[in-house]
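Each chain is listed here by its residues.
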Amino acid sequence: MKYHIVTYGCQMNLHESEKIAGVLKEAGYAEAAQGTEDADIIVFNTCCIRENAENHAFGNIGALKKLKRQKKGLLIAVGGCMVQEEGKAQILKEKFPFIDILFGTHDLPALKSLIERKQSERRAVVSVSEARSAVEDGISPVRTSYPNAWVNIVYGCNNFCSYCIVPYVRGRERSRRADDVLAEVSSLVRAGYKEITLLGQNVDSYRDGDVGFSELLDQVAGIEGKFRIRFMTSHPKDFSPALVDVMKRHNNICKHLHLPAQSGNDRILSLMNRRYTRQKYLDEIALLKREIPDCAVTTDLIVAFPTETEAEFCDTLSLVKEADFDSAFMFVYSPRKGTRAAEMEQIPEAVAKERIGRLIALVNANTRKKSAAYVGKTVEILCEDFDAKKGMYLGRDEYGRMGYFKSEKNRVGEFVSLRIREANGISLYGEIE
Ligand code: 5AD
Ligand code: SF4
């Protein structure tokens, strides 16, 4: 029996798909070599953060109707954030009656028993539970991102940014025990993983007794072995000098902070319920760069939040210039049912489109400028993969820049010194020294 998993959304979801694979493996399935073609179960792990993520999933699930009719015994399961959204499981069930199993974000560990139930009851099984308080799921994930390994440290979110649906579908914050996190990282490093990414919707909220995020990071960085550490996502309202101090003291922590600003305007930040000001954000970055001058800073930005004026949007543009971001994820605001911002006065689509175009042009110009400054320098890259189209290996430096190079020998999982001879957009090209 074979499985195929289709994943939408963030790194949290990518890691959860590894856990879905872990549950399926336990149930006797192996990964399908040809994707949907030779799979006996197809699982969609969905995202609901913006409308287009949902539309993607809807389109791809709908496209399976024919295959499902042709292939007797094929199981289709849909899980994750979209299923957890209020009323969505019912909509999915009505729109796609051929779905066999619908499971929410808290029902992943039960997938094996849901498959068994489906096979004995012979009708669609729906399981959308409330958040569990237990944080250890006991699942051994089938890791797919060697040499990187994702490690959850905190689940859920208590922040309720007014645009965001995450707190509704992921529940309240729950931290794992520090001992469990440290044991997992140690065993991953022993198993040969070279990059550990600590994950949480808001890593700064991590707490296990006296151990907050800075203390946890300090302890993880103290683990023996050659590996690097990344973490995401941080929240500017929780930014602490202690975190900067830990980053400064350990050179295995990547000099990269992903700090979502969302907007550069105080009225919009307040409407977003972000609980920091533009000035506080800029002060944080100034402190970070004072302590770690070459630290890369990336961000998330939303344009056309309800009621955003042209002048307020321009504050986001000027923030980009002042903060000098290395790169940014940029989004058009997407109303999510049940969130406060969805009830506010919306911005016309044409205005939103025009604004995102201007923002992308500005951010990309800065990213290109920073890439160009790499030419002639030597950077340490952790080789992640081989790009068959380019015929080159690729990997990232600690700042998160992608570097490509040629090699006779397979370099995946190795740290290599790369002399950069060319920069193209956000990508760097070089030779091993
Ligand atoms: N519309 C647009 N972007 C959103 N994000 C979260 N919710 C929305 C929404 N409703 C963005 C934020 C967040 C990132 C993960 O997704 O920028 O940091
Ligand atoms: Fe959403 Fe805000 Fe929580 Fe991030 S911090 S997951 S944007 S509510």
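Just so it is clear, the structure is predicted and the values come from calculations on it, not from any experiment. (Residues numbered from 1 in each chain as written. Chains lettered and ligands numbered in written order. Predicted model: local features only at pLDDT ≥ 70, side-chain atom pairs only at ≥ 80, totals over all residues. Heavy atoms only, no water.)

## Things to note about the sheet that holds strand E18 (residues 402-405)
Threshold: A strand pair is defined by DSSP finding two or more bridges across the two strands. Put simply, DSSP H or I for four residues or longer makes a helix, DSSP E for two residues or longer makes a strand, and each gets a number counted from the N terminus. In this analysis an axis means a line fitted to C-alpha atoms, helices contributing only their contacting stretch, and an angle means the value between N-to-C directions, from 0 to 180 degrees.
Sheet architecture is closed into a barrel: five strands sit in the order E16-E17-E18-E20-E19, paired in mixed fashion. In this sheet, neighbouring strand axes are inclined to one another by 50° on average, regardless of whether the strands run parallel or antiparallel. In this sheet, strand E17 (residues 392-396) lies alongside strand E16 (residues 378-387) in antiparallel orientation, the contact comprising five bridges. Each bridged residue has a counterpart across the sheet, and for Phe386 the counterpart in E17 is Tyr393.

## What to know about the site of ligand 2
In plain terms, the rule: To be near a molecule or strand, a residue needs just one of its heavy atoms within 4 Å of it. Residues are grouped as follows: Ala, Val, Leu, Ile, Met, Phe, Trp, Tyr, Cys and Pro are nonpolar; Asp, Glu, Lys and Arg are charged; all remaining types, including Gly, are polar.
By nearness alone, every residue bordering ligand 2 is listed as Cys157, Asn159, Phe160, Cys161, Tyr163, Cys164, Val166, Pro167, Gln201, His235 and Arg274. When its residues are assigned to classes, the shell around ligand 2 shows seven nonpolar, three polar and one charged.

## Observations regarding the domain arrangement of the protein
Our working rule: These domain boundaries are the output of an automatic or database domain assignment.
Taken as a whole, the protein is organised into domain 1 (2-127) and domain 2 (378-432). On a C-alpha basis, the centres of domain 1 and domain 2 stand 35 Å from each other.

## A closer look at the state of the cysteines
Linking two cysteines covalently through their sulfur atoms gives a disulfide. Rules: Only a pair of cysteine sulfur atoms within 2.5 Å qualifies as a disulfide here.
Within the structure shown, the criterion is met by zero disulfides. Between Cys47, a free cysteine, and Cys48, which holds the nearest cysteine sulfur, the sulfur-to-sulfur gap is 6.1 Å.

## Re the layout of surface pockets
We count it as follows: Put simply, the grid is 1 Å and covers the protein atoms alone, a cavity is a trapped set of points that fit a 1.4 Å probe, a pocket is an open set with protein on both sides within 12 Å along at least five of seven lines, and lining residues have an atom within 4 Å of a point. Grid points are joined across faces, edges and corners, and a volume is the space filled by probe spheres set on the points.
There is about 550 Å³ of room inside the second largest pocket. Forming the boundary of the second largest pocket are 23 residues, of which Gln84, Glu85, Glu86, Gly87 and Tyr168 lie nearest the centre. Elements with a contribution of two residues or more to the lining of the second largest pocket: helix H4 (81-84), helix H5 (88-95) and helix H7 (166-170). Here the lining of the second largest pocket takes three residues from H5, the largest share from any one element. Looking at the lining of the second largest pocket, its residues break down into nine nonpolar, six polar and eight charged.

## A look at the packing of aromatic side chains
Stated formally: Only Phe, Tyr and Trp rings take part, Trp by its six-membered ring, and two of them pair if their centres are within 6.5 Å. Stacked means planes under 30 degrees apart, edge-to-face means over 60, and tilted covers everything else. The buried label applies to any residue whose accessible area, calculated with a 1.4 Å probe on protein chains only, is under 20% of its type's maximum; exposed applies above 50%, and partly exposed to all values in between. To sit over a ring, a charge needs its Lys NZ or Arg CZ within 6 Å of the ring centre and within 35 degrees of the ring normal.
Within this structure, the stated rule accounts for twelve aromatic pairs. Measuring from centroid to centroid gives 5.5 Å for Phe305 and Tyr333, while their planes differ by 65°, and the two rings are edge-to-face. Of this pair, Phe305 sits in the loop between strand E14 (296-303) and helix H13 (310-323) while Tyr333 sits in the loop between strand E15 (327-332) and helix H14 (349-372), and the two are 28 residues apart along the sequence. Exposure remark for Tyr333: the relative accessible area of 7% places this residue in the buried category. Counting every residue linked through ring pairs, the aromatic cluster contains Phe58, Phe96 and Phe98. Just above the ring of Phe415 sits the side chain of Lys226; from NZ or CZ to the centre is 4.2 Å. Across the ring face of Tyr404, the terminal group of Lys390 is positioned such that the distance to the ring centre comes to 4.4 Å.

## Focus on the packing of H13 against H14
The test is simple: Angles are sorted into four bins: roughly parallel if under 35 degrees, roughly antiparallel if over 145, roughly perpendicular if 65 to 115, and oblique for all others. In a left-handed crossing the near helix is turned counterclockwise from the far helix by less than a right angle, and in a right-handed crossing that turn is clockwise. Here a residue-residue contact requires only that any non-hydrogen atoms of the pair lie within 4.5 Å.
Interhelical geometry of H13 versus H14 gives an angle of 15° and a closest axis separation of 10 Å. Taken together, the axis directions place H13 and H14 in an arrangement best described as roughly parallel. The way H13 lies across H14 gives a crossing that is right-handed. Of the residues in H14, those touching H13 at Glu310, Phe313, Cys314, Thr316, Leu317, Val320 and Lys321 are Arg355, Arg358, Leu359, Leu362 and Val363. Classifying every residue of the contact of H13 with H14 by side-chain character gives seven nonpolar, one polar and four charged.

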